[in-house]
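Examination of the molecular architecture
This is what each chain is made of:
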Amino acid sequence: MIMDLPKPGPTFKELGLAKDILQAVEYMGFEYASPIQAALIPIALTGADCIGQARTGTGKTAAFVLPILQNMDKEASHLQALILAPTRELTEQVDQELQMLVGKAKVRSVLVVGGKPIRAQVEALNRYPQVVVGTPGRVMDLLQRGAMDLSKLRVVVLDEADRMLDIGFRKDIEKILRSCNPNRQILLLSATMPESVERLARQFMKDPEEIDMSEDQVVVDTIEQFYCTVEERNKFTLLMRLLLAEKPAQAIVFCRTKRGAQKIYERIQKFLPDVETMHGDLQQTKRDRVMKKLRKGKARLVIATDVVGRGIDISGISHIINYDIPQGSDDYVHRVGRTGRMSSDSEGRAFTFVTPEQGSELTRIEMLINTLLHEYKFDGDEVFQAKIVKNVSEDNYAETAFSSGSDWDNILEDL
């Protein structure tokens, strides 16, 4: 059977971008625009306010960075664009993509985030950057110190607006927007549109154009999704069984709390190599080191909270494991969206641990993605159950089955 291949979107040349911008895009190897890029770029180029709803991993960053670069007065020595994002990791990713898209243009940008020396950021702001990328908390801190002037700002981007409001940045965002040039353009990007985001848009945006690319794109088709029914006390054993059965190239295990993630990490790193953890209690230098190892493929397994659930684009992730079912259905989408990106035809796999009491939460997720998750079945369950009997309890299984420092590709053969 011959399958029809999806038709590519318009080329970047068709979107009204200038020659110097197109050269940077072509240098990066891009020719066709994604749906959010094709819809947002022409609107953003006009200077109109715009609300764009799209899931992560769809090219949102280039969709707002390219119009910013084209509309910028590159000879001016004042701040013209402010890009706000919810986490340090996401702001760093946005800044990296900005640097690549700048190409040979003389555009000065500064990254301002917490966890880094503020004095160095103040000094960088004193060199008159044209673009600032930052988290709302650190931007607000710098505004209060008089280190930033937003009076001549041309455009403000609120990236992952729903997430920024979820984690408590609403007041900071409102104060920042009130400090801006009243004629500034606002580009609001959000994976979901809860009432809190809509209120923010009504309060600060002027007749915004609306783009909704979320329909039928909740989870990419290349991701296989499963659930595993398990009692709470047996989750760790199930995790070890799953890793042995799947042997992922790279995997992220999502936990609901920082304490839970740290506890699992401390336990699992005794048995398996190349394991890291990632959560909000870690110092920024540690988080940077983990992200660098993850991107280079040197961290095979990361135990994390939702600090990496949004917007982090790492191509090598083959598996996502929801050790704790997400608190919100939308968080499921963002977690699962971290996988299946190795190539256009690669298949990521996602697993969600569900306790008997969480059936309704699983149903909500299935309704959101309009897909029934399949129950994951292990091969050789009879052998596993025999080991459980031999080792007295399932809780004891993991710690008796693995030897410290073993190569986890070969562990299964040693059992």
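As shown above, the structure is provided for reference.
In short, a report on the structure. The shown structure was predicted, so the numbers you read here are calculated from the model rather than taken from an experiment. (Residues numbered from 1 in each chain as written. Predicted model: local features only at pLDDT ≥ 70, side-chain atom pairs only at ≥ 80, totals over all residues. Heavy atoms only, no water.)

Before going further, it helps to spend a moment on the overall build of the chain. When you go through the chain residue by residue, the secondary structure sums to 17 helices and 14 strands. With 415 residues in all, the chain has 55% of them scored as buried. A separation of at least 24 residues holds for 77% of the contacts in the chain among residues at least 6 apart in sequence. By element, 48% of the accessible surface of the chain is carried by carbon and sulfur atoms, the whole surface being about 19,700 Å². (Helix = DSSP H or I, 4+ residues; strand = E, 2+ residues; numbered from the N terminus. Buried < 20%, exposed > 50% of the residue type's maximum accessible area, 1.4 Å probe, protein only. Contact = heavy atoms within 4.5 Å. Areas by Shrake-Rupley, 256 points an atom, 1.4 Å probe, with all protein chains shown as cover.)

Another point: the nonpolar core. Counting residues in each nonpolar core, the largest one holds 40 residues, and the members touching the most others are Phe12, Phe64 and Leu66. In terms of residues, this core owes the most to one element, helix H3 (residues 60-71), which gives 7 residues. Sequence-distant contacts of Phe64, that is, excluding residues within four places in its chain, are made with Leu40, Ile83, Val94, Val157, Asp159, Leu187 and Leu189. Formed by 35 residues, the second largest nonpolar core is a distinct cluster that contains Val112, Leu125, Leu177 and Phe204. (Core = buried A, V, L, I, M, F, W, Y, C linked by side-chain atoms within 4.5 Å.)

Now for a negative patch on the surface. A cluster of acidic residues, Glu198, Glu209, Glu210 and Asp212, forms a negative patch at the surface. Counting residues per element, the negative patch draws most heavily on strand S7 (residues 209-212), at 3 residues. The topology assignment puts Glu198 in helix H9 (residues 195-204). (Patch = residues over 30% accessible without salt bridge, like charges linked within 9 Å, V, L, I, M, F, W, Y side chains within 5 Å. Salt bridge = Lys/Arg side-chain N within 4 Å of Asp/Glu carboxyl O. Lys, Arg positive; Asp, Glu negative; His and termini not counted. Charge placed at Lys NZ, Arg CZ, Asp CG, Glu CD.)

Here we come to the sheet that holds strand S12 (residues 319-322). Ordered by their spatial adjacency, 7 strands build an open sheet running S10-S11-S9-S12-S13-S8-S14, and the pairing between neighbours is parallel. The two strands at the open ends of the sheet, each matched to only one other strand, are strand S10 (275-278) and strand S14 (374-375). Of the strand pairs in this sheet, S10 and strand S11 (residues 301-304) are connected by 4 bridges, and their pairing is parallel. The residue of S11 that forms the bridge with Thr277 is Ile303. Each of strand S9 (251-254), S10 and S11 touches helix H12 (residues 284-295); the most contacted strand, S10, lies at about 130 degrees to it. (Pairing = 2+ DSSP bridges. Axes fitted to C-alpha atoms, helices over the stretch in contact; angles between N-to-C directions.)

Between helix H4 (residues 88-102) and H12, the least distance of the axes is 11 Å, while the angle of their chain directions is 55 degrees. Our classification of the angle between H4 and H12 gives oblique. Viewed along their axes, H4 and H12 form a crossing whose handedness is right-handed. Where H4 approaches H12, its residues Arg88, Glu89, Glu92, Gln93 and Gln96 are matched on the opposing element by Gln284, Arg287, Asp288, Met291 and Arg295. Grouping the constituent residues of the contact of H4 with H12 by class yields 1 nonpolar, 3 polar and 6 charged. (Parallel < 35°, antiparallel > 145°, perpendicular 65-115°, else oblique. Left-handed = near helix turned anticlockwise from the far one by under 90°. Nonpolar A, V, L, I, M, F, W, Y, C, P; charged D, E, K, R; others polar.)

Right, let's talk about the pattern of salt bridges for a bit. All told, the structure shown has 18 salt bridges when counted by the stated rule. Linking Asp159 and Lys60 is a salt bridge whose minimum nitrogen-to-oxygen distance equals 3.1 Å. With Asp159 in the loop between strand S5 (155-158) and helix H7 (161-166) and Lys60 in helix H3, this residue pair connects regions lying 99 residues apart in the sequence. Across the pair, Lys60 and Asp159 agree in class, each one buried. Between Lys235 and Glu232 there is a salt bridge, and its shortest N-O distance comes to 3.3 Å. For Glu232, a relative accessible area of 47% gives the class partly exposed. One continuous salt-bridge network, built from bridges that share partners, spans Glu276, Lys286, Arg289 and Lys293.

The alternating pattern of strand S3 (residues 109-112) places Val110 and Val112 on a buried face and Ser109 and Leu111 on a face that is not buried. Of the pairings in the sheet, the one linking S3 to strand S4 (residues 131-134) comprises 4 bridges and is parallel in character. The partner of Val110 across the bridge, within S4, is Val132. A crossover links S3 with its parallel partner S4, the connecting element being helix H5 (residues 118-125), and its sense is right-handed. (Right-handed = clockwise from strand over helix to strand, strands pointing away.)

The subject of this paragraph is the packing of aromatic side chains. This structure, assessed with the given rule, holds 4 aromatic pairs. Consider the rings of Phe226 and Tyr376, whose centres lie 5.6 Å apart with planes at 75 degrees: the pair is edge-to-face. Of the two residues, Phe226 sits in strand S8 (residues 223-229) while Tyr376 sits in the loop between S14 and helix H15 (381-390), which places them 150 residues apart along the sequence. For the ring pair Phe351 and Tyr376, a centre distance of 5.0 Å and an interplane angle of 90 degrees mean the geometry is edge-to-face. Placement of Phe351 in strand S13 (residues 348-354) and of Tyr376 in the loop between S14 and H15 is noted, with a sequence separation of 25 residues between them. Just as Phe351 is buried, Tyr376 falls in that class too. An aromatic cluster is built from Phe226, Phe351 and Tyr376, whose rings are joined through pairwise contacts. Note that Arg267 overlies the ring of Phe236, its terminal NZ or CZ placed 3.9 Å from the centroid. (Phe/Tyr/Trp six-rings, centres within 6.5 Å; stacked < 30°, edge-to-face > 60°. Lys NZ or Arg CZ within 6 Å of the ring centre and 35° of its normal.)

On to the environment of Thr58. With respect to the helices, strands and loops of the structure, Thr58 is situated in the loop between strand S1 (50-53) and H3. Placed 21 residues apart in sequence, Thr58 and Gln37 show a C-alpha to C-alpha distance of 8.4 Å. For Thr58, the residues in contact, after removing those within four places along its chain, are Ser34 and Ile36.

Take the sheet that holds S7 next. Within the open sheet, the 7 strands sit side by side as S3-S4-S2-S5-S6-S1-S7. Their pairing is parallel. Each edge of the sheet is formed by a strand with only one pairing partner; in this case those strands are S3 and S7. If you compare each strand with its neighbour and ignore which way they point, the axes differ by 10 degrees on average. Note: S5 against strand S6 (residues 185-190), 4 bridges, orientation parallel. Directly across from Leu158, in S6, lies its bridge partner Leu188. Along the sheet, helix H8 (residues 170-178) makes contact with strand S2 (81-84), S5 and S6, crossing S5 at roughly 170 degrees.

All quantities given are derived from atomic positions and should not be read as evidence of function.
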